[in-house]
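# Structure at a glance
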Amino acid sequence: MANDTVMEKEKKASLYEPVAGKIVSVRQMTETEKWFKIELEGKKELHHCPGQFVEVSLLGIGEAPISISSSPTQRGYFELCVRKAGKITTVLHGMNEGAEIGIRGPFGHGFPVDELKGKDLLFIAGGLGIAPLRSLINFVIDKRKDFGKVTILLGCKEPSQLLYKDEIEKWSKLTDVAFRCTVDRGAPDWKGNVGLITELIPGVDIDVKQTYSIVCGPPIMYKFVLVKLMEKNIPENQILLSLERRMKCGVGKCGHCQINKHYCCQDGPVFSYDKLKGLEGAL
Amino acid sequence: MNIKSRDSKYLKGACMKYNLLEKTKVSELVNALKKKYRVVGPKEKENLFVYGDIEDAGEIRLEHKPPILSLKKYYLPQEEQLLAFKFKEVKAVPVEVKKENLVIFGAHTCDITGIICLDHASSIEPRDSNFHKRKKNVLIIGIECLRPCDEHATCVTMDTHNPKGGFDLMLTDAGNNYIVQVNSTEGENLINEYKFLFKESDAKSEDGLIKMRQEKEKWPRSLKVKTDDLKKTVDSGLKHKEWESVKARCVSCGNCTNVCPTCYCFDIKDDVDLNLNNGTRSRVWDSCQLKEFAEVAGGENFRKDRKSRQQHRLLRKFSFSVEKYNRFFCTGCGRCTRACMAKISLYETMNNLVKE
Ligand SMILES: Cc1cc2nc3c(=O)[nH]c(=O)nc-3n(C[C@H](O)[C@H](O)[C@H](O)COP(=O)(O)OP(=O)(O)OC[C@H]3O[C@@H](n4cnc5c(N)ncnc54)[C@H](O)[C@@H]3O)c2cc1C
Ligand code: FES
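What counts, and where the lines are drawn
- Residues numbered from 1 in each chain as written.
- Chains lettered and ligands numbered in written order.
- Predicted model: local features only at pLDDT ≥ 70, side-chain atom pairs only at ≥ 80, totals over all residues.
- Heavy atoms only, no water.
- Helix = DSSP H or I, 4+ residues; strand = E, 2+ residues; numbered from the N terminus.
- Rg over C-alpha atoms; globule rule 2.2 N^0.38 Å.
- Contact = heavy atoms within 4.5 Å.
- Areas by Shrake-Rupley, 256 points an atom, 1.4 Å probe, with all protein chains shown as cover.
- Lys, Arg positive; Asp, Glu negative; His and termini not counted.
- Charge placed at Lys NZ, Arg CZ, Asp CG, Glu CD.
- Buried < 20%, exposed > 50% of the residue type's maximum accessible area, 1.4 Å probe, protein only.
- Pairing = 2+ DSSP bridges.
- Axes fitted to C-alpha atoms, helices over the stretch in contact; angles between N-to-C directions.
- Salt bridge = Lys/Arg side-chain N within 4 Å of Asp/Glu carboxyl O.
- Buried area = accessible area lost by both parts, 1.4 Å probe.
- Polar contact = N/O pair within 3.5 Å; in protein donor to acceptor, adjacent residues only side chain to side chain.
- Near = heavy atom within 4 Å.
- Nonpolar A, V, L, I, M, F, W, Y, C, P; charged D, E, K, R; others polar.
- Domains from an automatic or database assignment.

### Considerations on the overall build of chain B
Secondary structure assignment for chain B yields 13 helices and twelve strands. Here the C-alpha radius of gyration of chain B, 21 Å, is about what a compact globule of 356 residues would show, namely 21 Å. Projecting the C-alpha coordinates of chain B onto the three principal axes gives extents of approximately 65 × 60 × 40 Å. Restricting to contacts in chain B with at least 6 residues of sequence separation, those with at least 24 account for 74%. Accessible area of chain B: about 15,900 Å², with a carbon and sulfur share of 51%. Of the charged side chains in chain B, 63 are positive and 51 negative; the average position of the first set lies 2 Å away from that of the second.

### Here's the deal with the overall build of chain A
Within chain A, the secondary structure is distributed over eight helices and 15 strands. Rg of the C-alpha trace for chain A: 19 Å, near the compact-globule value of 19 Å for 283 residues, within the 12% margin. In terms of its C-alpha atoms, chain A occupies a principal-axis envelope of roughly 60 × 45 × 35 Å. When burial is assessed residue by residue, chain A has 56% of its 283 residues classed as buried. Surface summary for chain A: the accessible area is close to 12,100 Å², and the carbon and sulfur share equals 50%. Charge-centre separation for chain A: the mean point of 39 positive side chains lies 1 Å from the mean point of 35 negative side chains.

### Quick notes on the sheet that holds strand 7 (residues 138-143) of chain B
All names here are of chain B. Spatial ordering of the open sheet is given by 3-2-6-7-8-9-1-10, a layout of eight strands whose pairing is mixed. At either margin of the open sheet sits one strand with a lone partner, and together these are strand 3 (48-53) and strand 10 (198-200). In this sheet, adjacent strand axes meet at a mean angle of 30° when their direction is disregarded. In the sheet, strand 6 (residues 102-107) pairs with strand 7 via five bridges, with the strands oriented parallel. Each bridged residue has a counterpart across the sheet, and for Phe-105 the counterpart in strand 7 is Ile-141.

### Some details on the environment of A:Ser25
Within the secondary structure layout, A:Ser25 lies in strand 1 (residues 19-28). Sequence spacing of A:Ser25 and A:Phe36 is eleven residues, and the spatial spacing of their C-alpha atoms is 5.9 Å.

### Some details on the side chain of A:Glu55
All names here are of chain A. Tracing the sequence through the fold places Glu-55 in strand 3 (residues 53-58). An unpaired buried charge is present at Glu-55: no salt bridge exists, and Arg-104, the closest side chain of opposite charge, is 4.6 Å distant. In contact with Glu-55, not counting residues within four places along its chain, are Glu-63, Ala-64, Pro-65, Gly-102, Ile-103, Arg-104, Phe-107, Met-247, Lys-248, Cys-249 and Gly-250.

### Points about the interface of chain A and chain B
Contact with chain A, which involves 44 residues of that partner, is made by 51 residues of chain B. Buried surface at the junction of chain A and chain B, both sides included, amounts to about 4,100 Å², of which 56% is carbon and sulfur. Inspection of the chain A/chain B interface yields four salt bridges. Notably, a salt bridge pairs B:Lys91 with A:Glu41, separated by 2.7 Å at the nearest N-O pair. Taken together, the links from chain A to chain B amount to 22 residue pairs in polar contact (both at pLDDT 80 or more). When residues of the side of chain A that touches chain B are traced back to their parent elements, those giving at least two are helix 1 (4-12), strand 3, strand 4 (62-67), strand 6 (100-107) and helix 7 (264-267) of chain A. Considering each element in turn, the side of chain A that touches chain B owes the most residues, four residues, to helix 1 of chain A.

### A word on the site of ligand 1
The immediate surroundings of ligand 1 are formed by 22 residues, with A:Pro65, A:Arg83, A:Thr89, A:Arg246 and A:Met247 found nearest. Site remark: ligand 1 is flanked by residues from chains A and B. The contact in question runs from an oxygen atom of ligand 1 to an N or O atom on the side chain of A:Arg246, over 2.7 Å. For ligand 1, a nitrogen atom lies 2.5 Å from a polar atom in the backbone of A:Met247. At the level of secondary structure, the elements contributing two or more residues to the shell around ligand 1 comprise strand 4, strand 5 (78-83) and helix 2 (87-93) of chain A. With four residues, strand 4 of chain A is the largest single contributor of residues to the shell around ligand 1. A class-by-class count of the residues in the shell around ligand 1 yields 13 nonpolar, three polar and six charged.

### Some remarks on the domain arrangement of chain A
Residues and elements named next belong to chain A. Its domain assignment divides chain A into domain 1 (2-106) and domain 2 (113-276). Summarising the inter-unit geometry, the C-alpha centres of domain 1 and domain 2 are found 23 Å apart. With 25 residues of domain 1 at the contact, the number on the domain 2 side is 25 residues. Buried surface at the junction of domain 1 and domain 2, summed over both partners, amounts to about 2,000 Å²; 62% is from carbon and sulfur atoms. Scanning the region where domain 1 abuts domain 2 turns up one salt bridge. Remark: the boundary between domain 1 and domain 2 carries seven residue pairs in polar contact (both at pLDDT 80 or more). For the side of domain 1 that touches domain 2, the class distribution of residues is eleven nonpolar, eight polar and six charged.

### A word on the environment of B:Leu82
Along the chain, B:Leu82 turns up in strand 4 (residues 79-86). Along the sequence, B:Leu82 and B:Arg283 sit 201 residues apart, while their C-alpha atoms lie 6.9 Å from each other. For B:Leu82, the contacting residues outside a window of four places in its chain are A:Tyr16, B:Val93, B:Pro94, B:Val95, B:Asn130, B:Arg281, B:Ser282 and B:Arg283.

Rendered as structure tokens:
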């Protein structure tokens, strides 16, 4: 029979009970994405690690897993970047400053920040994949001297879909960060690169022993990026992928997010490639 | 595979205790239990069996084939409220599990194994407290199988045909009596409480029990793959042509997972009353066989076709669970085969996977 301490704990905690968070700021970033700044009740810290996610909980409507896109070095609040994709995200897009939402989490295994210290980092973000990577990028920028060379490769379909435009502008001006951006299709006022994100990889100067590549993007992107990274001889355990799966509970119970023997919500969403290689249906 | 309950409530092998219960006293025992507990057990329903509430001791069918749904429904109800709330507010109140002392009377060893499996899955941190709160208040009185249910049952290969723990008392038919194996302190307390119904057991009955269980190893096996080869068979058989036949037949109805005693996947849904005042958030059984199960925004689906979903099911039963919990999540009950509208048979699929 379970001992009392466990039972006591179980009496109090419900895995599914959200805490209140207040939207303190909203901004339309693109036609389909909005940026939300959220404070937890009593300005409590979320205590997340870059790469983790929360379940945004709207009672009566449902829940959606959303990456935490701000760095834990920013205290007292956190940020989300939400694409209008369906039921919950549409309702969320209709909410204004001052509105309250439910939050569960933070959940999952984020990026192994300690392991990354002292290493060169090659970020590869496609589309909405910048949301979880931004948390780590800003963390690294805030603690810049703890890390080696930093390169950011960013890609999206077209210039109008670029997220975090102001911030990207700042990253591109940093002298201690190499930043490259590309779009699949240009636009008349677009002066940057046109082409797939994979085309930027060969040009990056990589010290194989030192470099960790951190990748997040639409499912289709991983296969092509991996080919290019393998060509660069980056060891498989130094390639970190943040994956998306259907998620319901966020706590390893509902089975939706299963990737082979792993539950993406608990064992991921960040996996090193050596853990996924050869697993049917992983990539 | 070694079947062990991780639950400390069950007595360890060395201190096995046995009693006898005269068959004519079973009704008396059930009626006595009913005064204190909600008693459920196998009952007959339209030529099939179901687990249901026992209103009258005579309803219990100790001789039965696996009921349509397994014991899972008493631990992870088909629909379970998690939160109650006022619509559009952000605070919700967890819905407490109703405390109810339940006796399950007459469960087969395969179904008892199913609960052991669910216990493993629910004990991984963070623990599923609702499951454990329910389990704490359940007493299981099993009935030992004396013959295989039918050719769909694969309990011999799964090594679940003999009692291996997970129950409080186990009844084994021995002519005029049931031999009652005591497997937990709660079971022992129960015997003490109803002492007047039980008799002391004797060496002859206990010896007979051991011999009978050894004989059971000779039962026919419809699942021909050796127990130790089950994982390998599924892992290395994903490209086998048998899967094309499974794919062509499967209709993605989800029956196989609903009736499975170890499938625990669920969806979470919100309901709001018609006045838009009050609502609840519940979990409801879900099935990895349904197309939307693994679909994400943008239309990507990680298990798009029926083949990959059926493979996922067998991997969960024979491979992932071994890596994660060091045990199979198939109890050999045969329900998935019996319930399949497309006549996909677990043992036939497995047997074919080892053919050229
Ligand atoms: C770890 C993780 C991090 C994510 N981070 C972000 C993020 O930072 N920003 C962002 O905009 N989106 C993110 N997503 C995707 C986001 O969760 C889905 O877009 C959202 O759940 C859709 O909910 P909805 O109610 O609006 O859509 P629905 O009306 O439910 O459905 C629209 C589409 O979304 C799919 N979908 C439904 N539920 C889920 C679910 N639980 N998980 C995944 N897909 C689902 C459906 O298959 C359907 O195709 C993330 C997903 C995961 C798993
Ligand atoms: S989201 Fe439920 S198990 Fe991962």
